[in-house]
Amino acid sequence: MEPRWRHWRQGEIERIPARSTDVEDASRRFLLYGVLPLWVVPGLADWRLHRATGIEHTSGIRESAVHALMMTEAGVPVVLGLTARVNPLVLTVMGGAAVAHGATALYDVTLATGAREVRPVEQHVHSFLEVLPLTALAFTACLHADQVRAALRGAGEWRLRPRERPLPARYLTALAAVIGAGVVLPYAEELRRCLRARRPGRPGG
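No experiment lies behind these values; they were computed from the predicted model shown.

Undergrad: Kindly report on the environment of His101, identifying the contributing residues and their values.
TA: Structurally, His101 can be placed in helix H4 (residues 88-113). Judged by its relative accessible area of 8%, His101 falls in the buried class. As a C-alpha pair, His101 and Pro133 span 32 residues in sequence and 8.2 Å in three-dimensional space. In this structure, His101 is in contact with Met70, Glu73, Ala74, Leu129, Glu130 and Pro133, ignoring residues within four places of it in sequence.

Here you go:
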């Protein structure tokens, strides 16, 4: 990374007009204030369903570790999109992460259905969790169509650089708090339960 990352918060702060009906403004506003924060809702619902079906006594640590992997696969492109300049490299990482997340989600369901009951409600929640990364990627690609074209041609800038106009610190702090409270803490609690319940000979051991 360039030394400039040491000063990634320097520069004019990006402002998203709250009442603008411009398509680009509305799309960026929906992505930042709709898709990303609301991603927490199905994640929290999925954690609650895992708890209700006693995941620590069935698929246990193995499935919980897969959940941590999927959070990483979703978190890396989110962090890049919020802090880095969207260019062919970042778009490629986002696309690769979305594919990896989908493949891991398929493995997760396969692992879960072989060890515990996965009810229709949980399957429906999974559908939201699987499509939201693609939704975020689609919005990002549309907002940076020139960079998509460059990526397909193998042109453009293929290195990480900070955003020219960083997002407001208040927004980043609030989003981090929402993700921490609604995703990180619940799934850390799930992993802790699975570790405590781990016993030799158990399915989750």
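Undergrad: If you had to explain the pattern of salt bridges to someone new, which residues and values would you point to?
TA: Under the definition given, this model contains 12 salt bridges. Residues Glu63 and Arg116 are paired through a salt bridge, measuring 2.8 Å at the closest nitrogen-oxygen approach. One end of the pair, Glu63, is in helix H3 (residues 60-83); the other, Arg116, is in the loop between H4 and helix H5 (120-143), with 53 residues separating them in the sequence. Arg116 shares its class with Glu63; the two are buried. Between Glu164 and Arg85 there is a salt bridge, with its nearest N and O atoms 3.5 Å apart. Placement of Glu164 in the loop between helix H6 (145-153) and helix H7 (169-197) and of Arg85 in the loop between H3 and H4 is noted, with a sequence separation of 79 residues between them.

Undergrad: Which residues make up the layout of surface pockets, and what values go with them?
TA: Computed from the structure, the largest pocket encloses a volume of approximately 610 Å³. Around the largest pocket sit 29 residues that line it, and Gly81, Val86, Thr140, His144 and Arg163 are the ones nearest its centre. Put simply, the parts of the chain that give the lining of the largest pocket at least two residues each are helix H1 (23-38), H3, H4 and H5. Counted by class, the lining of the largest pocket contains 18 nonpolar, 3 polar and 8 charged residues. Around the second largest pocket, the lining comprises 24 residues; the ones closest to its centre are Trp39, Met70, Met71, Ala74 and Val183. Within the residue set of the lining of the second largest pocket, elements represented by two or more residues are helix H2 (40-52), H3, H4, H5 and H7. In terms of residue count, H3 provides more of the lining of the second largest pocket than any other element does, 7 residues in total. Within the lining of the second largest pocket, the residues separate by chemical class into 16 nonpolar, 5 polar and 3 charged.

Undergrad: Give me the packing of H3 against H4: which residues, what numbers.
TA: Between H3 and H4, the least distance of the axes is 9 Å, while the angle of their chain directions is 165°. As judged from the angle between their axes, H3 and H4 are roughly antiparallel. Here H3 and H4 pass one another in a crossing that is left-handed. Contact residues: Arg62, Glu63, Val66, His67, Leu69, Met70, Glu73, Ala74, Val76, Pro77, Leu80 and Gly81 in H3; Val90, Val93, Met94, Ala97, Ala100, His101, Thr104, Ala105, Tyr107, Asp108, Leu111 and Ala112 in H4. Here the contact of H3 with H4 is composed, by residue class, of 16 nonpolar, 4 polar and 4 charged.

Undergrad: If you had to explain the nonpolar core to someone new, which residues and values would you point to?
TA: Ranked by internal contacts, the top residues of the largest apolar core, which has 18 residues, are Leu32, Leu36, Trp39, Leu82, Leu167 and Tyr171. Elements supplying a minimum of two residues to this core: H1, H3, H5 and H7. Counting residues per element, this core draws most heavily on H5, at 5 residues. Those residues in contact with Leu82 that lie beyond four places of it in its chain are Leu32, Leu36, Arg163, Leu167, Tyr171, Leu172 and Leu175. Core analysis: the next-biggest nonpolar cluster, separate from the first, contains 6 residues, Ala84, Val86, Leu91 and Met94 among them.

Conventions used here
Residues numbered from 1 in each chain as written. Predicted model: local features only at pLDDT ≥ 70, side-chain atom pairs only at ≥ 80, totals over all residues. Heavy atoms only, no water. Helix = DSSP H or I, 4+ residues; strand = E, 2+ residues; numbered from the N terminus. Buried < 20%, exposed > 50% of the residue type's maximum accessible area, 1.4 Å probe, protein only. Contact = heavy atoms within 4.5 Å. Salt bridge = Lys/Arg side-chain N within 4 Å of Asp/Glu carboxyl O. 1 Å grid on protein atoms, 1.4 Å probe; cavity = no way out; pocket = protein on both sides within 12 Å on 5 of 7 lines; lining within 4 Å. Points joined across faces, edges and corners; volume = space filled by probe spheres on them. Nonpolar A, V, L, I, M, F, W, Y, C, P; charged D, E, K, R; others polar. Axes fitted to C-alpha atoms, helices over the stretch in contact; angles between N-to-C directions. Parallel < 35°, antiparallel > 145°, perpendicular 65-115°, else oblique. Left-handed = near helix turned anticlockwise from the far one by under 90°. Core = buried A, V, L, I, M, F, W, Y, C linked by side-chain atoms within 4.5 Å.

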